[in-house]
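Coordinates in review
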Amino acid sequence: MSKWMIASDLHGDAACVERLLERYRESGAERLILLGDLLYHGPRNDLPTGYEPKRVIDLLNAASGELLCVRGNCDTEVDQMVLNFPILAEYAYLEADGVRLFATHGHRFNRTALPSLKAGDILLHGHTHVPAAEAFGQRNLYLNPGSVSLPKEGSPNSYLLFENGRFAFCDLFGDVYREVRIE
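Below, the structure is looked at part by part. Given the structure is predicted, the values throughout are model-derived calculations rather than measurements. (Residues numbered from 1 in each chain as written. Predicted model: local features only at pLDDT ≥ 70, side-chain atom pairs only at ≥ 80, totals over all residues. Heavy atoms only, no water.)

1. What about the pairing of strand β11 (residues 176-181)?
Alignment of strand β10 (residues 166-171) against β11, held across five bridges, turns out to be antiparallel. By the bridge assignment for β11, F167 is matched with V180. Hairpin remark: β10 followed by β11, antiparallel, with four residues in the connecting loop; positive phi at G174, about 90 degrees. (Pairing = 2+ DSSP bridges. Helix = DSSP H or I, 4+ residues; strand = E, 2+ residues; numbered from the N terminus.)

This is the structure in structure tokens:
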């Protein structure tokens, strides 16, 4: 049985990353999967309230052995030079408890530009800053954890917890506000 925390779009907000890492430690998850956009806020986003990318570097590097990350559209080779874990992969295939996930940021592979998926696979990406759980294709599921630091469309600062075929959408206080079960 695996337990993972999945988050996206940190955008250099140290206060939100500190809360995320607290929730991660409290959750007992074995791995924190980050779907990109770690340090830079991006030219289209407002500056996050807690924008301290140097502090975020320290926080993430301290947890580097527990992180799996894919590259976001705001992540660069320069970011990789200061982070002690790989961040430049465009995607990762993950499998746990019979569930297969294609994890990516969402700016290249998404619902309108699908990667190769088998029936029942899950497309997991951030980028939009809006939490989502939508069925499509051949028993496929699109999941988006929303954004840790810059949520959009009235959504909370959020992340996902995955365990025993259950995805729980959580706010940064750890409260579950939506669940999706995989059959």
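2. Some words on the pairing of strand β6 (residues 122-125)
Neither face of β6 is left uncovered, since the one carrying I122 and L124 and the one carrying L123 and H125 both have all their residues buried. Here three bridges tie β6 to strand β8 (residues 140-144), and the two strands are oriented parallel to one another. Opposite I122, over in β8, you have L141 as the bridge partner. (Buried < 20%, exposed > 50% of the residue type's maximum accessible area, 1.4 Å probe, protein only.)

3. Notes on the sheet that holds strand β9 (residues 158-163)
Ordered in space as β3-β2-β1-β9-β10-β11, the six strands form an open sheet in which the pairing is mixed. The open sheet has two free edges, formed respectively by β3 (67-69) and β11, since each of these has just one partner strand. When strand polarity is set aside, the average angle formed by the axes of neighbouring strands in this sheet is 20 degrees. The sheet contact formed by strand β1 (residues 3-7) and β9 spans four bridges and is antiparallel. Bridge pairing in β9 places W4 opposite F162. Relative to the sheet, helix α1 (residues 14-27) contacts β1, β2 (31-34) and β9, its axis offset from that of β1 by approximately 170 degrees. (Axes fitted to C-alpha atoms, helices over the stretch in contact; angles between N-to-C directions. Contact = heavy atoms within 4.5 Å.)

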